[in-house]
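# Results of the structural survey
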Amino acid sequence: MQTSTTRAETFSDGIMAIMITIMILELKLPDFNKNQDTEDIQNHLQSLIPHFIAYIFSFVMIGIVWTSHHHLFHLLKKTDNQLLRLNLFFLFWITLIPVVTGILGANPLLPISTVLYACVMAMTTATLAYMRSYTLLKALVHTDTGRAVNNKIIRVSVLGKRYSYVSSLAYLLSIPLSFVSVYMAYVCFTIPIALFFLPASIDEEKLENKIIDKN
């Protein structure tokens with residue numbers, strides 16, 4: 001892999017790890033002291049439940065986009081300045097996830113909370129999808145002497161792009177649905193997660209290792 005590709009991925013990994021750390025800090029533990037009883041602690045922990053559920057959603061989604069981002073960059077033979085700018089734009093939306101996660105955890109039944117959350121997640125997944133499209137358009141993906149390997153690389157890239165666009169559409173759909181029922185919005189939030197766990201026809205790790213071994 002080229003140095004610029006590796007540096008972009010490493011920098012992105014660091015940003016996403018920091019965002020997860022920031023989110024967990026929102027789950028504040030009670031101030032334990034001798035004057036508290038079991039009921040006080042239980043009440044505090046119960047108040048954290050909405051924050052914890054919001055944290056789970058965001059943790060899983062950051063994990064999903066991190067995995068997709070990882071596969072995207074491991075299939076590249078090179079980067080260019082525009083792709084690096086797109087990556088920074090993608091990371092900009094990633095840095096907003098802790099903010100909307102905190103809002104969602106504090107007010108889980110307010111439509112504005114789900115709308116703000118959906119907007120940030122839609123932009124995150126849409127930017128990732130566009131990065132996939134750009135790498136295919138500009139022929140930045142790895143090319144191999146074997147036709148079968150090339151076909152697999154293109155198939156994996158196209159499928160990753162489609163999943164990201166579908167995820168973005170699911171979040172966009174949740175915005176108007178939030179004003180009908182926030183629970184319908186939450187159903188939309190589960191669609192990207194369900195897509196991620198669909199069985200893959202191509203083992204991306206084996207494909208990427210094959211590419212790395214040849215470089």
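Anyway, here's the lowdown on the structure attached to this text. This one's a predicted model, so the numbers in the text were calculated from it and none came from an experiment.

Here is what the cut-offs are and how they apply
- Residues numbered from 1 in each chain as written.
- Predicted model: local features only at pLDDT ≥ 70, side-chain atom pairs only at ≥ 80, totals over all residues.
- Heavy atoms only, no water.
- Helix = DSSP H or I, 4+ residues; strand = E, 2+ residues; numbered from the N terminus.
- Buried < 20%, exposed > 50% of the residue type's maximum accessible area, 1.4 Å probe, protein only.
- Contact = heavy atoms within 4.5 Å.
- Patch = residues over 30% accessible without salt bridge, like charges linked within 9 Å, V, L, I, M, F, W, Y side chains within 5 Å.
- Areas by Shrake-Rupley, 256 points an atom, 1.4 Å probe, with all protein chains shown as cover.
- Salt bridge = Lys/Arg side-chain N within 4 Å of Asp/Glu carboxyl O.
- Axes fitted to C-alpha atoms, helices over the stretch in contact; angles between N-to-C directions.
- Parallel < 35°, antiparallel > 145°, perpendicular 65-115°, else oblique.
- Nonpolar A, V, L, I, M, F, W, Y, C, P; charged D, E, K, R; others polar.
- 1 Å grid on protein atoms, 1.4 Å probe; cavity = no way out; pocket = protein on both sides within 12 Å on 5 of 7 lines; lining within 4 Å.
- Points joined across faces, edges and corners; volume = space filled by probe spheres on them.
- Phe/Tyr/Trp six-rings, centres within 6.5 Å; stacked < 30°, edge-to-face > 60°.

Turning our attention to the overall build of the chain. Check the secondary structure of the chain and you find 8 helices and 0 strands. N-terminal to C-terminal, the α/β element order of the chain is α-α-α-α-α-α-α-α. By residue count, 42% of the 215 residues in the chain fall in the buried class. The contacts of the chain with a sequence gap of at least 6 include a subset with a gap of at least 24, amounting to 82%.

In this section: the side chain of S168. Looking at the element boundaries, S168 is found in helix 6 (residues 147-178). Beyond its immediate sequence surroundings of up to four residues, S168 is in contact with A122, T125 and A126.

Where nonpolar side chains cluster on the molecular surface, the patch consists of F89, F92 and M123 and spans about 260 Å² of accessible area. Turning to its location among the elements, M123 is positioned in helix 5 (residues 111-137).

Notably, A139 is not glycine yet its phi reads approximately 55°, a positive angle. Turning to its location among the elements, A139 is positioned in the loop between helix 5 and helix 6. The class for A139 is partly exposed, based on a relative accessible area of 41%.

Helix 5 packs onto helix 3 (residues 49-74) with a crossing angle of 10° between their chain directions and a minimal axis gap of 11 Å. Taken together, helix 3 and helix 5 sit at an angle that is classed as roughly parallel. Across the interface between the two elements, A54, F57, S58, M61, V65, S68, H69, H71, L72 and F73 from helix 3 touch Y117, M121, T124, T125, L128, M131, R132 and T135 from helix 5. Residues belonging to the contact of helix 3 with helix 5 are distributed by class as follows: 10 nonpolar, 7 polar and 1 charged.

On to empty space enclosed by the protein, then. This structure, assessed with the given rule, holds 1 cavity of 30 Å³ or more. Forming the walls of the largest cavity are M23, E26, L27, H51, A54, Y55, P98, T101, G102 and G105. If you list the elements that add at least two residues to the lining of the largest cavity, you get helix 3 and helix 4 (81-106).

Here we take up the environment of L172. For L172, the location among the structural elements is in helix 6. C-alpha of L172 to C-alpha of M121: the two residues are 51 residues apart in sequence and 8.9 Å apart in space.

The next thing to look at is the packing of aromatic side chains. A full pass over the atoms with the stated rule returns 10 aromatic pairs. When the ring of F52 is compared with that of Y55, the centres are 6.4 Å apart and the planes differ by 25°; the resulting orientation is stacked. Of this pair, F52 and Y55 both sit in helix 3, 3 residues apart, roughly one helical turn. Judged by its relative accessible area of 43%, F52 is partly exposed. For the ring pair Y55 and F59, a centre distance of 5.8 Å and an interplane angle of 40° mean the geometry is tilted. Of this pair, Y55 and F59 both sit in helix 3, 4 residues apart, roughly one helical turn. Here a set of aromatic residues connected by ring pairs shows up, and it is made of F57, Y117, Y171, Y186 and F189.

This brings us to the environment of T101. With respect to the secondary-structure elements, T101 resides in helix 4. Along the sequence, T101 and S58 sit 43 residues apart, while their C-alpha atoms lie 6.8 Å from each other. Those residues within four positions of T101 in sequence are excluded, and the remaining contacts are M23, A54, Y55, S58 and Y117.

A separate point is the environment of L140. Counting through the fold element by element, L140 comes out in the loop between helix 5 and helix 6. Spatially, the C-alpha atoms of L140 and L76 are 5.7 Å apart, while their sequence positions differ by 64 residues. Residues within four places of L140 in sequence aside, it is in contact with L76, K77, K78, D80, L83, Y134 and T135.

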